[in-house]
Amino acid sequence: MRKLNYKLLLSEFPYAIASGAIHYDDVRGHECLPIKVTIPDGYEHIVDIHGDTLSMEHGDRNPWFSEHYREILLGLNPDWYLFWIEVNAGAVILNFYCKESGESVAMILNSDCTNGRELKFHFDIPHQNGKPDSGYDVRLMSAQREHDNLDTMYYEAIVTEYFVDGYRELIFTADNQSDCDDRYVLVTEYVDE
């Protein structure tokens, strides 16, 4: 197995995973396939977290979606599905699409809504061409720590991309909320040759 470490500048940010084509920071839900979400053991609290919801068409909050988030996230609502995920050091944004209405809603999960608890998801991303699904783990955490005699918040997100001969870990870090949009990511790649 080969291990390679490097720092990567992302040309588009936040880091995006979608089950269809990405057009200039835009993903069209009706062109995407449903992404399957698995909540790892020990992280069941994720389904009860109520982050900020935002209608992507109207920019308003969506209380109905918040009330039904659990069943939508777990794929139990036949009208709604996850189609696009965005990650930076301080947040995971889950974008959902409604087949019936054509509406898209974003659920923003950050350290403010997690009460300091770590989040972890596994996503299976289907391919339009029928290839086997791609697997991704996404982990989000934050902690308060002392830096230069001041208490600051530290944010970290880790995305693990699985591929046929190995996997790649992308690590996003920030020392305060305003740094979460840093376009650099630390990458460790493991390839079985």
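One numbering rule holds for all chains: residues counted from 1, following each sequence as written. Local features are withheld for residues below a pLDDT of 70 in this predicted model, meaning they are given only at 70 or higher, and side-chain atom pairs are given and counted only at 80 or more; totals for whole chains, interfaces and linings count all residues. With hydrogens and water excluded, all non-hydrogen atoms of the structure serve as input to the side-chain values.

Colleague: I'm lost on the overall build of the protein in this one. Help?
Modeller: The helix and strand labels rest on DSSP assignments: H or I over at least four residues marks a helix, E over at least two residues marks a strand, and numbering proceeds from the N terminus. For the protein, the count of helices and strands is three helices and 14 strands. Here the analysis covers contacts within the protein between residues at least 6 apart in sequence; of these, 54% occur between residues at least 24 apart. Working note: accessible area of the protein is about 10,500 Å², and carbon and sulfur atoms make up 47% of it. It only takes one pair of heavy atoms within 4.5 Å for two residues to be counted as in contact. Calculation of accessible area relied on Shrake-Rupley with a 1.4 Å probe; when residues are assessed, cover is drawn exclusively from the protein chains displayed.

Colleague: Looking at this structure, I do not really get the environment of Val187. What am I missing?
Modeller: Mapped onto the elements, Val187 comes out in strand 14 (residues 184-191). Its relative accessible area of 2% is what places Val187 among the buried residues. A sequence separation of 181 residues divides Val187 from Tyr6, and the C-alpha atoms of the two residues are 5.3 Å apart. Beyond its immediate chain neighbours, meaning those up to four positions away, Val187 contacts Leu4, Asn5, Tyr6, Leu8, Arg168, Glu169 and Leu170. Burial status follows relative accessibility: with a 1.4 Å probe on protein chains alone, a residue under 20% of its type maximum counts as buried, one over 50% as exposed, and anything between as partly exposed.

Colleague: Sorry if this is basic, but what is going on with the nonpolar core here?
Modeller: Note on soluble globular proteins: their nonpolar side chains tend to be buried together. Remark: nonpolar core denotes a set of buried residues (Ala, Val, Leu, Ile, Met, Phe, Trp, Tyr, Cys) joined through side-chain atoms within 4.5 Å. In terms of nonpolar packing, the biggest core is built from 42 residues, with Leu73, Ile85, Leu94, Phe121, Phe123 and Phe172 touching the most fellow members. Formed by seven residues, the second largest nonpolar core is a distinct cluster that contains Val27, Tyr81, Trp84 and Tyr97.

Colleague: How should I be thinking about the side chain of Asn77 in this particular structure?
Modeller: With respect to the helices and strands, Asn77 occurs in the loop between helix 2 (69-73) and strand 7 (80-88). Residue classification places Asn77 among the buried positions, given a relative accessible area of 10%. Of note is the side chain of Asn77, whose polar atom sits 3.2 Å from the side chain of Glu71. Only 2.9 Å separates the side chain of Asn77 from the backbone nitrogen of Asp79, close enough to count as a polar contact. Any N or O atom pair separated by 3.5 Å or less is treated as a polar contact, with the protein-specific requirement of one donor-capable and one acceptor-capable atom, and with residues adjacent in sequence counted only for side-chain atom pairs.

Colleague: Sorry if this is basic, but what is going on with the pairing of strand 14 here?
Modeller: In regular strands, side chains alternate between the two faces of the sheet. A large share of strand 14 lies buried, amounting to six of its eight residues. Think of it this way: DSSP has to see at least two bridges between two strands before they count as a pair. Where strand 1 (residues 2-9) meets strand 14, eight bridges bridge the pair, whose relative direction is antiparallel. Among the inter-strand pairings, Tyr6 is bridged to a residue of strand 14, identified as Val187. Where strand 13 (residues 166-174) lies against strand 14, six bridges are found, and the strand directions are antiparallel. Along strand 14, the bridge assignment pairs Leu170 with Val187.

Colleague: Help me out: how do you make sense of the confidence of the model for the protein in this one?
Modeller: Close reading of the predicted structure is inappropriate where its pLDDT is low. pLDDT expresses how confident the predictor is about each individual residue, on a scale running from 0 to 100. Across the protein, the average pLDDT comes to 84, with 88% of residues at or above 70. Confidence, read as mean pLDDT per element, is least for helix 3 (residues 111-114) in the protein (66) and greatest for strand 5 (residues 36-38) (94).

Colleague: I would appreciate a short explanation of the side chain of Glu161 in the present structure.
Modeller: By the secondary structure assignment, Glu161 is in strand 12 (residues 150-163). Judged by relative accessible area, which is 13%, Glu161 ranks as buried. Reaching out from Glu161, the side chain makes a polar contact with the side chain of Tyr15 at a distance of 2.4 Å. A polar atom in the side chain of Glu161 sits 2.5 Å from the side chain of Arg168.

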